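So you can see what is in the structure, the chains are spelled out below.
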Amino acid sequence: MIDNILQFIQVYDKRIFIDVASNGCGNGCVYCFTKNPEKPQTLLNISTIDEICIYISNLPNSKECIISLCPNTEPMKSEKSRELILRIIKRLSKIVKFIQIATKELIPESYLQELNNLCAREGQIRISISVPYLDLAEKIEPHAARVSERLINFINIKNYSNLVSVIYLRPFNKQMIIDKFLYADIINKYQPDNICLGAEYVPKVDGYQQCTYMYNTFLKPSIFERPEMDEIFAFADFLRQRTNCKLFFSSVCNIANCSDYGCVLNLDKHDIRYCQDCTILLDER
Ligand code: SF4
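Values in this document were obtained by computation on a predicted structure and should not be read as measured data.

Let us look at the environment of P75. Looking at the element boundaries, P75 is found in the loop between β5 (66-69) and α3 (79-92). According to the relative accessible area criterion, P75 is buried, its value standing at 0%. Through-space distance from the C-alpha of P75 to that of E138 is 19 Å; in sequence the pair is 63 residues apart.

Set out below in structure tokens:
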């Protein structure tokens, strides 16, 4: 039984990734690391979701953990996928520290209200709105919501004090540099609570690629120490200057800078520029 649910959970340090589908995503993003991003979701059944929640509740450090929904599928794709997410949050919000939802969909306002009601504390649920492409999104992310719809989430989330919005710019791509003025305008207009700028995804191996490479000792340097990172840092500096906002390179760094979660990635060991905006003292990293 445990073997069955462990396919849908990845535990790294104080972060737990949970999937609600065994196959498919539905957004069909061409750069995606999942096996079948274009296929419709095969959602898990409720009893599997409940077993996952029990497993996480019983982890010895569950109170210190972030749960991230979902690494391999779109959590807000349908009413049914949203129901499963809500079920997880109902069971775990009083147990875990933070809950992250990453999406390219427009979240219904009534659903935001339900999420807000389920939070155990202010800012517990953090919603990352992914916009790595703008004009090209319809070709590169063909079945995700239009960018204009995704951006409405930033306006709606502001109505709920327990929810935090994050503009999620990952994977980094050269088109972002071309569109840098547009991104600055979007941040100034929609004022997301946080900005997270991610690295490029690592190449697929055997047709499979994980978004969790930053927890892999062997893969981590190949991403965080590659020469192309200079372009990402330049893009980050441009956004800082135009928006006067802080930028981080992992969503757990955003969290570390608004809570006592602490530093788990130690990105300054790869390059100090990753941690330029971090308020964690050097001897506490
Ligand atoms: S020190 Fe760097 S890696 Fe650690 S939380 Fe701060 S920004 Fe993130």
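Past the structure itself, the notes keep going.
This next bit is on unusual backbone geometry. A cis amide bond links L69 with the next residue in sequence, C70, at an omega value of -5°. Among the structural elements, C70 can be located in the loop between β5 and α3. One non-glycine residue, Q191, lies in positive phi territory at about 45°. Residue position: Q191 is located in the loop between α8 (180-190) and β9 (194-197). Its identity as a non-glycine residue notwithstanding, N244 has a phi of 60°, on the positive side. Tracing the backbone through its elements, the reader meets N244 in the loop between α10 (229-243) and α11 (251-256). Judged by its relative accessible area of 72%, N244 falls in the exposed class.

Further remarks concern the site of the ligand. What surrounds the ligand is the set C253, A256, C263, N266, L267, C275, C278, I280 and R285. Considered class by class, the residues forming the shell around the ligand number 7 nonpolar, 1 polar and 1 charged.

Across the sheet, which stays open at both edges, the 7 strands sit in the order β1-β2-β5-β6-β7-β8-β9 with mixed pairing between neighbours. Two strands bound the open sheet, and with one partner strand each, they are β1 (9-12) and β9. Mean inter-strand twist for the sheet, computed between neighbouring axes without regard to direction, equals 20°. Pairing analysis gives 4 bridges linking β1 to strand β2 (residues 15-18), with the strands arranged antiparallel. If you follow Y12 over to β2, its bridge partner there is R15.

Reading the values: the criteria
- Residues numbered from 1 in each chain as written.
- Predicted model: local features only at pLDDT ≥ 70, side-chain atom pairs only at ≥ 80, totals over all residues.
- Heavy atoms only, no water.
- Helix = DSSP H or I, 4+ residues; strand = E, 2+ residues; numbered from the N terminus.
- Buried < 20%, exposed > 50% of the residue type's maximum accessible area, 1.4 Å probe, protein only.
- Near = heavy atom within 4 Å.
- Nonpolar A, V, L, I, M, F, W, Y, C, P; charged D, E, K, R; others polar.
- Pairing = 2+ DSSP bridges.
- Axes fitted to C-alpha atoms, helices over the stretch in contact; angles between N-to-C directions.

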